[in-house]
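A look at the structure
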Amino acid sequence: MNALVPLPVLLPLCVTGLKLAIGPRLHRFQRFISLAVLGAVLVLSVVLMVAADRHGPLSVHLGDFAPPVGITLVADRLAGLMLTVSSAVTLLVLVYSLGQGMADRDDQAPVGVFHPAYLILVAGVSCTFLAGDLVNLYVGFEIMLVASFVLLTIGGTATRIRAGSTYVIISLFSSVLFLVAIAMTYAVAGTVNFAQLAERLQEVPLGVRTLLEAMLLTVFAIKAAVFPLAAWLPDSYPTAPAPVTAVFAGLLTKVGVYSMLRTQTLLFPGHRLGDLLMLAALASMAVGILGAVAQTDLKRVLSFTLISHIGYMVFGIALAGRGSIAGAIVYVAHHITVQTTLFLVAGLVERRDGTTELTRLGGLAKAAPLLAVLFLVPALNLAGIPPLSGFIGKLGLMRAGVADGGGWAWALVAGSAATSLLTLYVMAKVWNLAFWRDAPPGAEEEGVVLESAEDDEPDDEERPTGSGSGLPVPAGAVVAAGFLGQSITTSKRLPWPMQAATGAAVALGLSYTVLGGPLTTFTQAAAAELLARTPYIEAVLGR
């Protein structure tokens, strides 16, 4: 069983090499192998999760080199669950992207550019979840960074290049800081292996240990978009194609949260920076949701709610108890799925009406009832309406806060409740403007031309507030942006693969509610395993 651990990383990388060798040819075959490899990764992830639950953490030393020399990959309950959820989500987003590419009759861009970069991104995500040392965690981040820049700037439009450049600059800064932290860790402990660090860091002077903890938390907070290190996110994600925005918003920030969970429980038990984390969690909730209230574009609304709800996960990590860690794990799995689903719905809205600007939308509940349902269910889930999974995660976190009884804990309990209510307000606002009210005058007769690769960048004074460039087109010629940023004619009939993938994502989010009991039991066991540390250390070091 241990031999299966590297495969979620190796399979996408090997298939990427094959696809690059084939080039922009054999489109159907390339689609098939992309779906097949992500389906295989999903099956492997489920197998690893079940095996880790039954038999404890699985580890493998590549090349049979023992720590600290060799590369160690580890699959415990937490890694298995994150792999399973991320694999399911990335598979659904791929199906969505296939539907978009086929509907646009744009085979070359998705097959020749998007698919290889997307598979590399999946390999990087898997690498971070399975990494057994700081160096390979860093490698996983860098693999994601390379793929992310390609995906963010695909098409080469001015808006995408600008947003991608901001993302890369911030990511490079965090990577340099990460390298410095790794070097300092190796200097004081003589290893970067997580299991060995768990033992040796306890002998390091307290001040040095706190400095290392602060540096690693800063790196991961940038990746996770924790306030005040989240200013880059709202301008970076919404400009990319809908499938890219969805997988970035739903998944990539959670890689940073996962890294915080792993290092805070394994390397820095009883951490001294808990109050600072609680402050960051509360600030993320407040600033994020207030930013969402002020937005009038659906994608930007969702981007700010993303920042806000990262605060819930940091809340659980900061309390560092079994109940809070379990609640944070539930919320990570829930939020990956729900946030991805909402961005997929935003892509459908943009494809249908040519914009995600709420002031120019309306009447979708009557004109597109299926689309309305696909939005309403995850929106209520995000707001934490009982008995949906968002409520389960928030309830676990708030119960842990009440049990803690500290001043910061009570402040976060109150902040969590307020943020949940404001999230409901924001989702109700989107529902009222885009779906429930009548369409505004001219909405059916006039569309919006989104930026294309051939367009010149408009002056700041002419730049619109919505997702498009605001250029009117004749009646019936509603347009949106394809993979390459080109203008494409939208249709009131949305491609069925895009709707099916979004519907499956909604069903996946609902499954966490149906399986709420087993999911809670599993996350409680995962939290206990994280806090115990011994099972992980023994699995890696062979004791």
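Here we summarise the structure given alongside this text. Model, not experiment: these values are computed from the prediction.

**Here's the deal with the overall build of the protein**
A tally of helices and strands in the protein yields 20 helices and 4 strands. For the protein, the proportion of its 543 residues judged to be buried stands at 61%. The long-range fraction of contacts in the protein, counting pairs at least 24 apart against all pairs at least 6 apart in sequence, stands at 80%. For the protein, the exposed area adds up to about 19,400 Å²; of that, 66% sits on carbon and sulfur atoms.

**Topic: the packing of helix H1 (residues 7-22) against helix H2 (residues 27-55)**
When two helices pack together, their arrangement is given by the angle between their axes and by how far apart the axes lie. Between H1 and H2, the least distance of the axes is 9 Å, while the angle of their chain directions is 175°. Overall, the two elements H1 and H2 adopt an arrangement that is roughly antiparallel. Contacts between H1 and H2 pair Leu7, Pro8, Leu11, Pro12, Val15, Leu18, Lys19 and Ile22 from the former with Phe29, Gln30, Ile33, Ser34, Val37, Ala40, Val41, Leu44 and Leu48 from the latter. Class assignment of the residues belonging to the contact of H1 with H2 gives a composition of 14 nonpolar, 2 polar and 1 charged.

**Remarks on the packing of aromatic side chains**
Under the defined criterion, the tally for this structure stands at 12 aromatic pairs. Summarising the aromatic geometry, the rings of Trp431 and Phe435 are spaced 5.2 Å apart at their centres and angled 15° between planes, so their arrangement reads as stacked. With Trp431 and Phe435 both in helix H17 (residues 407-436) and 4 residues apart, this pair spans about one turn of that helix. In terms of burial, Trp431 and Phe435 fall into one category: buried. By way of ring pairs, the aromatic residues Tyr138, Phe141, Phe178 and Phe220 are connected into one cluster.

**Focus on the environment of Ala198**
Here Ala198 lies in helix H7 (residues 194-200). Remark: the alpha-carbon pair of Ala198 and Thr265, spanning 67 residues in sequence, is separated by 9.3 Å.

**So, the pairing of strand E2 (residues 71-75)**
Taken across its 5 residues, E2 has 4 buried, putting it largely inside the fold. Two strands pair when backbone bridges link them, and strand E1 (residues 58-62) and E2 are joined in this way by 5 bridges, in the antiparallel orientation. Within E2, the residue paired with Leu58 across the bridge is Ala75.

**Here we look at helix H10 (residues 242-266)**
Its 25 residues place the ends of H10 36 Å apart at the C-alpha level, agreeing with the 36 Å of an ideal helix rising 1.5 Å per residue. The element H10 is largely enclosed, with a buried count of 25 among its 25 residues.

So, how was this worked out
Residues numbered from 1 in each chain as written. Predicted model: local features only at pLDDT ≥ 70, side-chain atom pairs only at ≥ 80, totals over all residues. Heavy atoms only, no water. Helix = DSSP H or I, 4+ residues; strand = E, 2+ residues; numbered from the N terminus. Buried < 20%, exposed > 50% of the residue type's maximum accessible area, 1.4 Å probe, protein only. Contact = heavy atoms within 4.5 Å. Areas by Shrake-Rupley, 256 points an atom, 1.4 Å probe, with all protein chains shown as cover. Axes fitted to C-alpha atoms, helices over the stretch in contact; angles between N-to-C directions. Parallel < 35°, antiparallel > 145°, perpendicular 65-115°, else oblique. Nonpolar A, V, L, I, M, F, W, Y, C, P; charged D, E, K, R; others polar. Phe/Tyr/Trp six-rings, centres within 6.5 Å; stacked < 30°, edge-to-face > 60°. Pairing = 2+ DSSP bridges. Expected span 1.5 Å × (residues − 1).

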